[in-house]
Amino acid sequence: MNTKWLKTLGAGLALSVAATSVSAESLRVVTDPSFVPFEMMDQETGEMIGFDMDIIAEIAERAGFDYNLNTMDFNGIIPALQTGNVDIAIAGITITEERGKIVDFSDPYYDSGLRILVREGDGVTELSDLEGKKIGTKIGSTSYDFLMKNLDDDDGVTPYPGSSDMYMALMSRAIDAVFYDAPNVGYFASTRGEGRVKTVGPLYEGQEYGIALKKGSKWVGPVNEALASIKEDGTYKTIYEKWFGPMPE
């Protein structure tokens, strides 16, 4: 038998396997640039960091794809998936029946809800106290939809393109309150807004965040398998506690 030929064949197969392993498909991933602590810009490095950024990096590695990350206003994310301009989005996106008609969602990866944020000393304690007041929320969010459905007087509801915009408006007294995702308003209240703003009232409309993919994506299964894997081996808990502190049972 020609051993030289076998060596050549073996080398060729090794190169083929190596090439396959390094030629993972590159997907277009998009996020919102201002949803702390899920995604935000590191001012020193210029890179996006946060809970979602750590999650997608781990999932990509385990599911077997590379990705190019870009940012856009939250209001444009679902339309971008719908038109096929991006493949995957991770931006604290609430899973809803309506959104599920036009995009695919992964299994839930974060439990959330909506919360009121007001200035210290304000007497607001619940949603009914916001009737007739100026309320900031984010364009295209479930918090905006909730306000429009549940307030009799919604003329003062003001949608903003980014969460930082509505927090600045609250601090400058341009609006009376912010109504938005609980982890985001809570993070602001305990960091930049500490001593000046506070969260009040109950958690409204329990929600779940999911990773959104363009409709019919072949990556839904691999993403769900990777998500289950990081929850099972404790990686998810490590990432969670890095950004939010002790993980509830």
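The coordinates are above.
Along each chain, numbering runs from 1 in the same order as the chain's sequence is written. Note on the predicted model: pLDDT of at least 70 is required for a residue's local features to be given, and 80 or more for side-chain atom pairs to be given and counted; whole-chain, interface and lining totals, by contrast, use all residues. Only heavy atoms go into the side-chain values, all of them from the structure, while hydrogens and water stay out.

J.: It is not clear to me how helix α5 (residues 142-150) should be interpreted in this structure. Could you clarify?
T.: Note on helix geometry: an α-helix contains 3.6 residues per turn, so any two residues three or four positions apart are oriented the same way. Any residue under 20% of the maximum accessible area for its type is buried, any over 50% is exposed, and the rest in between are partly exposed; the area is computed with a 1.4 Å probe on protein chains only. Note on conventions: DSSP H or I runs of at least 4 residues are helices, E runs of at least 2 residues are strands, and numbering of each starts at the N terminus. For α5, the set of buried residues is Thr142, Ser143, Phe146 and Leu147. Viewed along the axis of α5, the buried residues span an arc of 140 degrees, placing them on a single side of the element. Next to the buried residues of α5 lie α4 (97-100), β8 (110-119), β9 (135-138), β10 (157-160), β11 (177-181) and β12 (197-209). Within this analysis, the arc is defined by the directions that extend from the helix axis to the C-beta atoms. Contact definition: two residues touch when any of their heavy atoms are within 4.5 Å.

J.: Where do I start with the side chain of Asn184 in this structure?
T.: Mapping Asn184 onto the fold places it in helix α7 (residues 182-190). Here Asn184 falls in the buried class, since its relative accessible area comes to 0%. Pairs of N or O atoms are called polar contacts if they sit within 3.5 Å, as long as, within protein, a hydrogen donor faces a hydrogen acceptor (for residues adjacent in sequence, only side-chain-to-side-chain pairs). A polar side-chain atom of Asn184 sits 2.5 Å from a polar atom in the side chain of Tyr167. When residues no more than four places from it in sequence are discounted, the contact partners of Asn184 are Phe35, Val36, Ser163 and Tyr167.

J.: Any chance you could explain the sheet that holds β11 here in plain terms?
T.: The strands making up a sheet associate through hydrogen bonds between their backbones, and the pairing can be parallel or antiparallel. Strand order in the open sheet formed by five strands is β10-β9-β11-β8-β12, with mixed pairing between adjacent strands. Taken across any chain shown, the strands that pair with only one partner, and hence form the sheet edges, are β10 and β12. Direction aside, neighbouring strands of the sheet carry axes that sit 25 degrees apart on average. In this structure, β8 lies alongside β12, joined through eight bridges in antiparallel fashion. The pairing criterion for strands is at least two bridges between them, as found by DSSP. A fitted line through C-alpha atoms represents every axis, and for helices the fit uses only the stretch in contact; the resulting angles, taken between N-to-C directions, go from 0 to 180 degrees.

J.: Looking at this structure, I do not really get the packing of aromatic side chains. What am I missing?
T.: Each aromatic ring pair is specified by the distance between its two centres and by the angle formed by the two planes. Geometry of aromatic contacts follows a simple scheme: Phe, Tyr and Trp rings, the Trp one being its six-membered ring, pair when their centres are within 6.5 Å, and the pair is stacked under 30 degrees between planes, edge-to-face over 60, tilted otherwise. Following the criterion strictly, the structure yields 23 aromatic pairs and no others. Between the aromatic rings of Phe51 and Tyr110, the centroid separation amounts to 5.8 Å while the plane-to-plane angle is 65 degrees, which identifies the pairing as edge-to-face. Placement of Phe51 in helix α2 (residues 51-63) and of Tyr110 in strand β8 is noted, with a sequence separation of 59 residues between them. For the pair shown, Phe51 and Tyr110 are each scored as buried. Between Phe146 and Phe179, the ring centres sit 5.6 Å apart and the planes meet at 25 degrees, which makes this aromatic pair stacked. Highlighted residues: Phe146 in helix α5 and Phe179 in strand β11, separated in sequence by 33 residues. Residue classification places Phe146 among the buried positions, given a relative accessible area of 11%. Residue class for Phe179 comes out buried when judged on its relative accessible area of 0%. Through pairs of rings, three or more aromatic residues link up here, namely Phe35, Phe38, Phe51, Tyr109, Tyr110, Tyr180, Tyr209, Tyr236, Tyr240 and Phe244. A cation over a ring is seen here: Lys231 above Tyr236, with NZ or CZ 5.8 Å from the ring centre. Only when the NZ of Lys or the CZ of Arg is both within 6 Å of the ring centre and within 35 degrees of the ring normal is a charge said to sit over the ring.

Honestly, that's just the spatial picture; any functional story needs more than this.
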